[in-house]
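The primary structure of each chain is shown beneath.
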Amino acid sequence: MIAMQYSFTLPADYDMSVIDRRIRDKGPLLDGFPNLGFKAYLSACRGEFASRENLYAPFYLWQKPEGASDFLCGSGFEALTAAFGWPQVKTWIVWQAEVSPYIGAARFATRDILQTQPYASLADIRRSESAEAEADLAAGGALASVSGFEPTTWTRIRFRLWRDMPEIGEHTQAYRVGHLSPPRP
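As a starting point, this report considers the structure included with it. (Residues numbered from 1 in each chain as written. Predicted model: local features only at pLDDT ≥ 70, side-chain atom pairs only at ≥ 80, totals over all residues. Heavy atoms only, no water.)

**Details of the packing of aromatic side chains**
- What the rule picks out here adds up to 19 aromatic pairs.
- Their ring planes at 40° and their centres at 6.1 Å tell us that Tyr56 and Phe84 sit as a pair that is tilted. Note that Tyr56 is positioned in strand 4 (residues 54–56) and Phe84 in helix 3 (residues 75–84), a separation of 28 residues in sequence.
- Residue classification places Phe84 among the partly exposed positions, given a relative accessible area of 22%. (Phe/Tyr/Trp six-rings, centres within 6.5 Å; stacked < 30°, edge-to-face > 60°. Helix = DSSP H or I, 4+ residues; strand = E, 2+ residues; numbered from the N terminus. Buried < 20%, exposed > 50% of the residue type's maximum accessible area, 1.4 Å probe, protein only.)

Right, dumping it as structure tokens:
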């Protein structure tokens, strides 16, 4: 599995209803895309949930790398880049992905990107992050929980989908979920 996210930072005075409309109109086009675990169409308004910027930042969970490749090479991504520019696409190798059957009720998302200390035991970190992802879904109220790592910059991701916005940390980016594209049945 691969987790993937790109983000567009929009001007402070940007009319975010343009993004809301884009999500509403374009979101269903990716429903059932091959090899998709889910796509969360995310946005954040400057000042809301302590966001410092206006953001459009979709998050993907891919079941297989071919799904990510097919999407990035496809006409939908080409149209996106024509409208907003060529983004840096961040990817993470998934350690643990837990998805509730109620994922469709997600209204909010949180994302933490953490730096891994040099020479830390990746096996221990993986066990800990995986256990936390399971616990967030089992008892923490999350509707989806993804943990992974990226070995070029040695960063880790904690991504969660929520029905209600949880308390967020100082370095957590929070988003609204405008649409959630599910996998093929």
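**What about the environment of Pro183?**
- For Pro183, the position within the fold is in the segment after strand 10 (173–181).
- Sequence separation between Pro183 and Trp62 is 121 residues; the distance between their C-alpha atoms is 9.3 Å.
- Those residues in contact with Pro183 that lie beyond four places of it in its chain are Gly32, Leu36 and Gly37. (Contact = heavy atoms within 4.5 Å.)

**Quick notes on the nonpolar core**
- Phe38, Leu42, Phe59, Val146, Phe159 and Leu161 are the most contacted members of the largest nonpolar core, which totals 23 residues.
- At the level of secondary structure, the elements contributing two or more residues to this core comprise strand 3 (36–44), strand 5 (59–62), strand 6 (90–99), strand 8 (142–150), strand 9 (155–162) and strand 10.
- When residues in this core are grouped by element, the largest group, four residues, is from strand 3.
- If we skip the residues at most four places from it in the chain, Leu42 touches Gln5, Leu55, Tyr56, Ala57, Pro58, Phe59, Ala109, Phe159, Tyr175, Arg176 and Val177.
- Judged by nonpolar contacts, the second largest core, of 18 residues, contains Tyr41, Tyr56, Trp62 and Leu80. (Core = buried A, V, L, I, M, F, W, Y, C linked by side-chain atoms within 4.5 Å.)

**A look at the pairing of strand 1 (residues 2–5)**
- Judged from the four bridges that link them, strand 1 and strand 5 form a sheet pairing that is antiparallel. Following the sheet pairing, Gln5 is matched in strand 5 by Phe59. (Pairing = 2+ DSSP bridges.)

**A look at the side chain of Ser43**
- When you line up the elements, Ser43 lands in strand 3.
- Ser43 gets classed as buried once you look at its relative accessible area, which sits at 7%.
- Look past the residues within four positions of Ser43 in its chain and what remains in contact with it is Met16, Ile19, Asp20, Leu55, Tyr175 and Arg176.

**A short note on unusual backbone geometry**
- Of note in this structure, Ala50 is not a glycine but carries a positive phi near 65°.
- Of note in this structure, Trp154 is not a glycine but carries a positive phi near 55°.
- Position of Trp154 among the secondary structure elements: in the loop between strand 8 and strand 9.

**Points about the pattern of salt bridges**
- Tallied over the entire structure, the rule returns eight salt bridges.
- Linking Glu129 and Arg158 is a salt bridge whose minimum nitrogen-to-oxygen distance equals 2.7 Å. Here Glu129 is found in helix 4 (residues 122–138), whereas its partner Arg158 is found in strand 9, with 29 residues between them in sequence.
- By relative accessible area, which is 3% here, Glu129 ends up buried.
- The partner of Glu132 in a salt bridge is Arg158, and the shortest N-O contact between them spans 3.8 Å. Here Arg158 lies in strand 9 and Glu132 lies in helix 4, a separation of 26 residues in the sequence.
- Bridged by salt links that share partners, the residues Glu129, Glu132, Arg156 and Arg158 form one connected network. (Salt bridge = Lys/Arg side-chain N within 4 Å of Asp/Glu carboxyl O.)

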